[in-house]
Amino acid sequence: MKLSNKTQALQDLIAPAVQACDVDLWGIEFIPQGKRSLLRIYIDKAVDENAEPVLNEDGELEQGRGIGVQDCVRVTQQVGAMLDVHDPISGEYALEVSSPGWDRPFFQLEQLPAYIGHTIALRLISAVENRRKFQAKLIAVDLENETIQVEVEKQQVLEIDSHNIDKANLIYQD
């Protein structure tokens, strides 16, 4: 779950602009695509179950919801202006801002403990038990040793080094 140097530099540049919008930076993806690259920013905020319902700027009733359209608009404007000033991306690029969604991607090991007991999809850099891709139940996260434990079919438990994880995301289940 290591970011490339370019992605890390972009994240460091973008983080203060996102925080200024009162939301959390969940993660970013920078995908160079020839002449037109893609910068995707995921934002999140805690859901307050006890919050009083309020009307948002669009006249919609919100009750402690997570990310809304207005949050994405504010972050797009704030980050877009900051990127125009610093110009860290050569050439044209598209800027997307969204919530992580139901199948949220994970960008840091510290994001995983809240999802222990849930099913995640993993794509590894190097195969473990002859597999690079699989879905498994997350059963433990060791932040100190930077490993996770997952349970695959037949209750087999695998320990995976976080530096071997190319991509991880939550599998939404009803």
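Residues numbered from 1 in each chain as written. Predicted model: local features only at pLDDT ≥ 70, side-chain atom pairs only at ≥ 80, totals over all residues. Heavy atoms only, no water.

### Some remarks on the overall build of the protein chain
No. 1: Summing up its helical and strand segments, the protein chain has 2 helices and 11 strands in all.
No. 2: From first element to last, N terminus to C terminus, the protein chain shows the α and β order α-β-β-β-β-α-β-β-β-β-β-β-β.
No. 3: Here the protein chain holds 174 residues, and 40% of them are scored as buried.
No. 4: Excluding contacts between residues fewer than 6 apart, the proportion of contacts in the protein chain whose partners are at least 24 apart in sequence is 51%.
No. 5: Summed over its atoms, the accessible surface of the protein chain is roughly 10,500 Å², and 46% of this surface lies on carbon and sulfur atoms. (Helix = DSSP H or I, 4+ residues; strand = E, 2+ residues; numbered from the N terminus. Buried < 20%, exposed > 50% of the residue type's maximum accessible area, 1.4 Å probe, protein only. Contact = heavy atoms within 4.5 Å. Areas by Shrake-Rupley, 256 points an atom, 1.4 Å probe, with all protein chains shown as cover.)

### Details of the side chain of Asp44
No. 1: Residue placement: Asp44 occurs in strand S2 (residues 36–44).
No. 2: Among the polar contacts listed, one links the side chain of Asp44 to the side chain of Arg104, at a separation of 2.9 Å.
No. 3: Excluding its chain neighbours within four sequence positions, the residues that come into contact with Asp44 are Val23, Asp24, Trp26, Ile67, Pro100 and Arg104. (Polar contact = N/O pair within 3.5 Å; in protein donor to acceptor, adjacent residues only side chain to side chain.)

### Describing the pattern of salt bridges
No. 1: Applying the stated criterion across every chain, the model contains 8 salt bridges.
No. 2: The closest approach of N and O atoms between Arg131 and Glu153, which form a salt bridge, is 2.7 Å. Here Glu153 lies in the loop between strand S9 (147–152) and strand S10 (156–161) and Arg131 lies in strand S8 (residues 131–142), a separation of 22 residues in the sequence.
No. 3: When its relative accessible area of 44% is taken as the criterion, Glu153 is described as partly exposed.
No. 4: One network of salt bridges, with partners in common, ties together Glu29, Arg40 and Glu96. (Salt bridge = Lys/Arg side-chain N within 4 Å of Asp/Glu carboxyl O.)

### Thoughts on the sheet that holds strand S1 (residues 24–31)
No. 1: Reading across the sheet, the 3 strands line up as S1-S2-S5 and stay open at both edges, with mixed pairing between neighbours. With partners counted over all chains shown, the strands left at the sheet margins are S1 and strand S5 (92–98), one partner each. For this sheet the average axis-to-axis angle between neighbouring strands, irrespective of direction, equals 15°.
No. 2: The pairing of S1 with S2 spans 7 bridges and is antiparallel. (Pairing = 2+ DSSP bridges. Axes fitted to C-alpha atoms, helices over the stretch in contact; angles between N-to-C directions.)

### A look at the nonpolar core
No. 1: In this structure, Phe106, Leu122, Phe134, Ile148 and Val150 are the most contacted members of the largest nonpolar core, which totals 24 residues.
No. 2: Setting aside residues up to four positions removed in sequence, Phe134 forms contacts with Ile120, Ala121, Leu122, Leu124, Val150, Val152, Leu158 and Ile160.
No. 3: One finds Ile14, Leu39, Ile43 and Met82 within the second-largest nonpolar core, a separate group that totals 20 residues. (Core = buried A, V, L, I, M, F, W, Y, C linked by side-chain atoms within 4.5 Å.)

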